[in-house]
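If you want the building blocks of each chain, they are given just below.
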Amino acid sequence: KPACGNVEECRELGDRRVEEDERQKGPIVALGGGLRYREPRRGSGPVIGPGDVVDITFEVQKTNGDYIYSFGRGRPDMRRESGGDDFGETYRVRLGRRDVPLGVERCMEGM
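Numbering of residues begins from 1 in every chain and follows the order in which that chain's sequence is written. The predicted origin of the model limits local features to residues at a pLDDT of at least 70 and limits the giving and counting of side-chain atom pairs to 80 or more, whereas totals for whole chains, interfaces and linings rest on all residues. Only hydrogens and water are removed before side-chain values are computed, so all heavy atoms of the structure are retained for them.

Another point: the nonpolar core. The tendency in soluble globular proteins is for nonpolar side chains to be buried as a group. Only buried residues count toward a nonpolar core. Its members are Ala, Val, Leu, Ile, Met, Phe, Trp, Tyr and Cys residues joined through side-chain atoms within 4.5 Å. Here the term buried applies to any residue with accessible area under 20% of the maximum for its type, exposed to any over 50%, and partly exposed to those in between, with areas from a 1.4 Å probe on protein chains only. Membership of the largest hydrophobic core is limited to 10 residues, which are Ile48, Val54, Ile56, Phe58, Phe71, Val93, Leu95, Val100, Val104 and Met108. Those residues within four positions of valine 104 in sequence are excluded, and the remaining contacts are Ile56, Phe58 and Val60. Two residues qualify as a contact provided that any one of their heavy atoms is within 4.5 Å of a heavy atom in the partner residue.

Shown next, in the form of structure tokens:
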């Protein structure tokens with residue numbers, strides 16, 4: 001038996017499910033200039049800033065959720081020549097040196 005009786009009820013049910021899925025992923029933080037990020041797990045270590053060296057994994061998506069690229073996330077497009085994926089690998093960066101795209105760096109400051 002369907003969970004909804006008509007198109008409008010189905011649309012409302014779908015909208016509620018999307019809202020709940022987004023809520024469970026954590027809040028989106030807007031930095032301005034169209035740059036936004038989501039911190040799915042909040043860390044408990046010291047806050048990082050310019051000059052600090054950190055090991056990261058990351059995933060970059062369009063605002064509609066479409067995948068662009070990642071590192072250390074185990075995505076199929078990041079297969080290694082050895083046959084494995086990159087899951088769990090980290091990328092070492094020094095904040096302020098632009099070792100990663102500026103958007104990624106700006107999102108890390110203050111975490």
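On to the state of the cysteines, then. Cysteine sulfur atoms are paired as a disulfide whenever they fall within 2.5 Å. Inspection of the entire model under this criterion finds one disulfide. Disulfide partner of cysteine 4: cysteine 10, at an S-S distance of 1.8 Å. Since a negative S-S torsion denotes a left-handed disulfide, the cysteine 4-cysteine 10 link at about 80° is right-handed.

Strand pairing is defined by DSSP finding a minimum of two bridges between the two strands. Comment: elements are numbered from the N terminus, with helices defined as DSSP H or I runs of at least four residues and strands as E runs of at least two. Here four bridges tie strand E4 (residues 58-61) to strand E5 (residues 67-71), and the two strands are oriented antiparallel to one another. Among the inter-strand pairings, valine 60 is bridged to a residue of E5, identified as tyrosine 69.

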